[in-house]
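# Breakdown of the fold
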Amino acid sequence: DAGVTQSPTHLIKTRGQQVTLRCSPKSGHDTVSWYQQALGQGPQFIFQYYEEEERQRGNFPDRFSGHQFPNYSSELNVNALLLGDSALYLCASSPTGLGDTQYFGPGTRLTVL
Amino acid sequence: AQSVTQLDSQVPVFEEAPVELRCNYSSSVSVYLFWYVQYPNQGLQLLLKYLSGSTLVESINGFEAEFNKSQTSFHLRKPSVHISDTAEYFCAVSEGGGGAQKLVFGQGTRLTINP
């Protein structure tokens, strides 16, 4: 059973560009959450998708947007990149239900120059 | 709002010594608590979790954590550490009540095992 997968592994962009990160959830999981982990920090919640809709959102600007597809996979889009967007972006999936555990992918390392 | 405080940013210990990584949380509602481990250049792996029931939870690799509601703590312990336990450890909290809620993480504790 494949776990959570993310692509690409690494990405280098310049300021002002746009980027799309992808995530495939663990089999049987229908909820996808995205987190940003800056160097030396704990992960910060960006947003969560369920049934192709954004269900919760953290304190991130509108430059951060996402999408969930019918097969539960998800994309994270970031527009007008800033140097401060450089981070490890983690995707987590979970099944619907009480107290569900979130399982994390390996992450995408984004560097903005 | 929920918050998590990991009281130590770095913990160095000798191999086979005991270790405790401290975690305190604040929340106005009932919570679920988690410890995740992150090895270098990898994502997060679930170590253990408290959802309900017994306040002492254990992992398969010898770690344990105890939920203390009165002290709002969820400290992680291991009686004898191994070199392979060297990693970053994150405590996290989510609101209980159903559904997958967002996780709020602490800043992390870097555990370094010295031979």
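The residue numbers shown here count from 1 along each chain, following its written sequence. For this description, chains carry letters from A and ligands carry numbers from 1, given in the order in which they are written. Where totals are concerned, whole chains, interfaces and linings use all residues; where local detail is concerned, this predicted model gives features only for residues with pLDDT of at least 70, and gives and counts side-chain atom pairs only at 80 or more. Excluded from the side-chain calculations are hydrogens and water; all other atoms, namely the structure's heavy atoms, are used.

Our focus in this paragraph is the layout of surface pockets. As defined here, a cavity is a set of points on a 1 Å grid over the protein atoms alone where a 1.4 Å probe fits but cannot get out. A pocket is an open set with protein on both sides within 12 Å along at least five of seven lines, and residues line them when an atom is within 4 Å of a point. Grid points are joined across faces, edges and corners, and a volume is the space filled by probe spheres set on the points. Within this model, the largest pocket holds a volume of roughly 540 Å³. Taken together, the elements giving at least two residues each to the lining of the largest pocket come down to strand S11 (108-112) of chain A together with strand S10 (87-95) of chain B. Residue classes follow a fixed rule: Ala, Val, Leu, Ile, Met, Phe, Trp, Tyr, Cys and Pro count as nonpolar, while Asp, Glu, Lys and Arg count as charged, and any other residue, Gly among them, counts as polar. Counted by class, the lining of the largest pocket contains eight nonpolar, 15 polar and three charged residues. Counted as a void, the second largest pocket has a volume near 230 Å³. Here a strand is any run of E in DSSP of at least two residues, a helix any run of H or I of at least four, and the numbering for each starts at the N terminus.

Okay, the interface of chain A and chain B next. Opposite the 23 residues of chain A that make contact, chain B presents 21 residues. By buried area we mean how much accessible surface two parts lose on assembly, using a 1.4 Å probe and totalling the loss over both. Interface of chain A and chain B: buried area, both sides summed, is about 1700 Å²; carbon and sulfur atoms make up 51% of it. Sorting the residues of the side of chain A that touches chain B by element identifies strand S4 (31-37), strand S5 (44-50), strand S6 (53-57) and strand S9 (87-94) of chain A as the ones contributing at least two each. Classifying every residue of the side of chain A that touches chain B by side-chain character gives eight nonpolar, 13 polar and two charged. Two residues qualify as a contact provided that any one of their heavy atoms is within 4.5 Å of a heavy atom in the partner residue.

Of note, the amide linkage connecting Ser7 of chain A to Pro8 of chain A takes the cis form, showing an omega dihedral of -5°. With phi around 75°, Glu16 of chain B is a residue other than glycine that occupies positive phi space. Of note, Glu16 of chain B is situated in the loop between strand S2 (10-14) and strand S3 (19-21). Phi at Thr72 of chain B takes a positive value of approximately 45°, unusual for a residue other than glycine. Looking at where Thr72 of chain B falls in the secondary structure, it is placed in the loop between strand S8 (64-68) and strand S9 (73-78). Partly exposed residues are those whose accessible area sits between 20% and 50% of the maximum for their type, while under 20% is buried and over 50% is exposed, using a 1.4 Å probe and protein chains only. Residue Thr72 of chain B is classed as partly exposed on the basis of its relative accessible area, which comes to 28%.

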